[in-house]
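Notes for the structure review
Here is how the chains run, residue by residue.
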Amino acid sequence: MNTTTRPDLLQAFDALLEPARFKDYGPNGLQVEGKRQVHRIVSGVTASRALIEAAIDAQADAVFVHHGLFWRGQDGCVTGWMKQRLALLLAHDINLFAYHLPLDAHPELGNNAQLGLQLGLTAGARFGEQNLGFLGGRSDGGSFASTCALAEHIESRLKRPVVQVGQAQAAIKNIAWCSGGAQGYFEAAIAAGADAFITGEISEPQAHYAREMGVAFIACGHHASERYGAPAVAAHVAAQFGLQHQFIDIDNPA
Ligand SMILES: [Zn+2]
């Protein structure tokens, strides 16, 4: 079985995702130090206890996620769920790598690029804060006849129901998307000329903006929209070193 070291793995993730380019809500990179030699990587969306337990069962030496353990606004105490997650990682000497915005942004392997791939969308431009939003359209050059047609397409690709609000005024050609909790990007998407905006979550104000601006808003689930970047990046880096990699999806309705 091939092996690499923790520092080499960190360097490979950093070289690919360039975390220094982003202003983020928590630390990107190695969040919890585990064993030095790595054979097996498990990737997942969130460093939840369920994922950590699954990684232990899979005999992972490293876990690679989008949502790590540490966020701005936490009280910094290792109690409750934090204690339980950390205790499991440390007891099994598992490395935890987490990349948040850098993983959303990567032009080929990131959450937005990979969500576009799943939905048959290609981006020609970026928009919004830190250029995280993707703007483009159907990879085949076509359009969607209505908000309902686009919503049904997304439901069939992501295999889950979506929330749709607002009716596009004509056929939907320009499509903007930003994975996760990016409802705050909606106004920037409208300003960038989108006929429809796809993200994970919706909040109260966006429903009104969608109705009043004639731009479709589709919320397809925070988790569902961010299932594709972590396995793409982890598989890419695992292949560089010949390591084993497995994506473990811990279902989340939110
Ligand atoms: Zn997220």
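Please refer to the structure higher up on the page.
Residues numbered from 1 in each chain as written. Predicted model: local features only at pLDDT ≥ 70, side-chain atom pairs only at ≥ 80, totals over all residues. Heavy atoms only, no water.

Moving on: the overall build of the chain. Across its full length, the chain holds ten helices and 13 strands. The C-alpha atoms of the chain give a radius of gyration of 19 Å, which matches the 18 Å a tight globule of 254 residues would have. With the C-alpha coordinates of the chain rotated into their principal frame, the extents come out at 55 × 40 × 30 Å. Of all 254 residues assigned to the chain, the portion counted as buried reaches 52%. Of the contacts made within the chain by residues no fewer than 6 positions apart, 67% connect residues no fewer than 24 positions apart. (Helix = DSSP H or I, 4+ residues; strand = E, 2+ residues; numbered from the N terminus. Rg over C-alpha atoms; globule rule 2.2 N^0.38 Å. Buried < 20%, exposed > 50% of the residue type's maximum accessible area, 1.4 Å probe, protein only. Contact = heavy atoms within 4.5 Å.)

In this section: the sheet that holds strand S7 (residues 121–127). A sheet is described by the order of its strands in space; here six strands give the open sequence S7-S8-S10-S11-S12-S9, paired in mixed fashion. Here the strands that pair on one side only, and so sit at the sheet edges, are S7 and strand S9 (163–165). If you compare each strand with its neighbour and ignore which way they point, the axes differ by 25° on average. In the sheet, strand S11 (residues 196–199) pairs with strand S12 (residues 216–219) via four bridges, with the strands oriented parallel. (Pairing = 2+ DSSP bridges. Axes fitted to C-alpha atoms, helices over the stretch in contact; angles between N-to-C directions.)

With that settled, the discussion passes to the coordination of the zinc ion. Those protein atoms acting as donors to the zinc ion are His67 (NE2), His222 (NE2) and Glu226 (OE), and they sit at 2.1 Å. Positions of the donor residues of the zinc ion, expressed as sequence spacing, correspond to H-x154-H-x3-E. One exposure class covers both His222 and Glu226, and it is buried. (Donors = N, O, S within 2.8 Å, 3.2 Å for Na, K, Ca; no water.)

Further remarks concern the packing of aromatic side chains. Applying the stated criterion across every chain, the model contains ten aromatic pairs. Ring centres 5.2 Å apart and planes at 55° place the aromatic pair Phe13 and Phe97 in the tilted group. Highlighted residues: Phe13 in helix H1 (residues 6–17) and Phe97 in strand S6 (residues 95–98), separated in sequence by 84 residues. The residues Phe13 and Phe97 share a single accessibility class, namely buried. Between Phe127 and Phe197 the ring centres are 6.4 Å apart and the planes differ by 75°, which places this aromatic pair in the edge-to-face class. Residue Phe127 is found in strand S7, and its partner Phe197 is found in strand S11; the two are separated by 70 residues along the sequence. Each member of the pair Phe127 and Phe197 is classed as buried. Ring pairing ties together the aromatic residues Phe127, Tyr185, Phe186, Phe197 and Phe217, which thus form one cluster. (Phe/Tyr/Trp six-rings, centres within 6.5 Å; stacked < 30°, edge-to-face > 60°.)

Enumeration over the complete set of coordinates arrives at zero disulfides. Looking at the unpaired Cys178, the closest cysteine sulfur is the one in Cys220, lying at 11 Å. Looking at Cys178, the relative accessible area reads 5%, which means it is buried. The class for Cys220 is buried, based on a relative accessible area of 0%. (Disulfide = S-S within 2.5 Å.)

An order of S2-S6-S5-S4-S13 is seen for the five strands of this open sheet, with the pairing classed as mixed. Pairing within the sheet leaves two strands with one partner each, and these edge strands are strand S2 (29–32) and strand S13 (244–247). The mean inter-strand angle of the sheet, taken between neighbouring strand axes irrespective of direction, is 30°. Of the pairings in the sheet, the one linking strand S5 (residues 62–67) to S6 comprises four bridges and is parallel in character. By the bridge assignment for S6, Val65 is matched with Ala98. Contacts from helix H10 (residues 229–241) reach strand S4 (40–46), S5 and S13, with the element oriented near 165° to S4.

What follows covers unusual backbone geometry. Of note, Gln59 is a non-glycine position whose phi angle comes to about 60°, a positive value. In this structure, Gln59 sits in the loop between helix H2 (49–57) and S5.

Once that is clear, we can look at the packing of H2 against helix H3 (residues 80–91). Closest axis-to-axis distance for the H2/H3 pair is 10 Å, and the angle between their directions is 15°. Considered as vectors, H2 and H3 are oriented roughly parallel to each other. Relative to H3, the crossing made by H2 is left-handed. For the pair H2 and H3, the contacting residues are Arg49, Ile52, Glu53 and Ile56 in the first and Gln84, Arg85, Leu88 and Leu89 in the second. Of the residues contributing to the contact of H2 with H3, the split by class is four nonpolar, one polar and three charged. (Parallel < 35°, antiparallel > 145°, perpendicular 65-115°, else oblique. Left-handed = near helix turned anticlockwise from the far one by under 90°. Nonpolar A, V, L, I, M, F, W, Y, C, P; charged D, E, K, R; others polar.)

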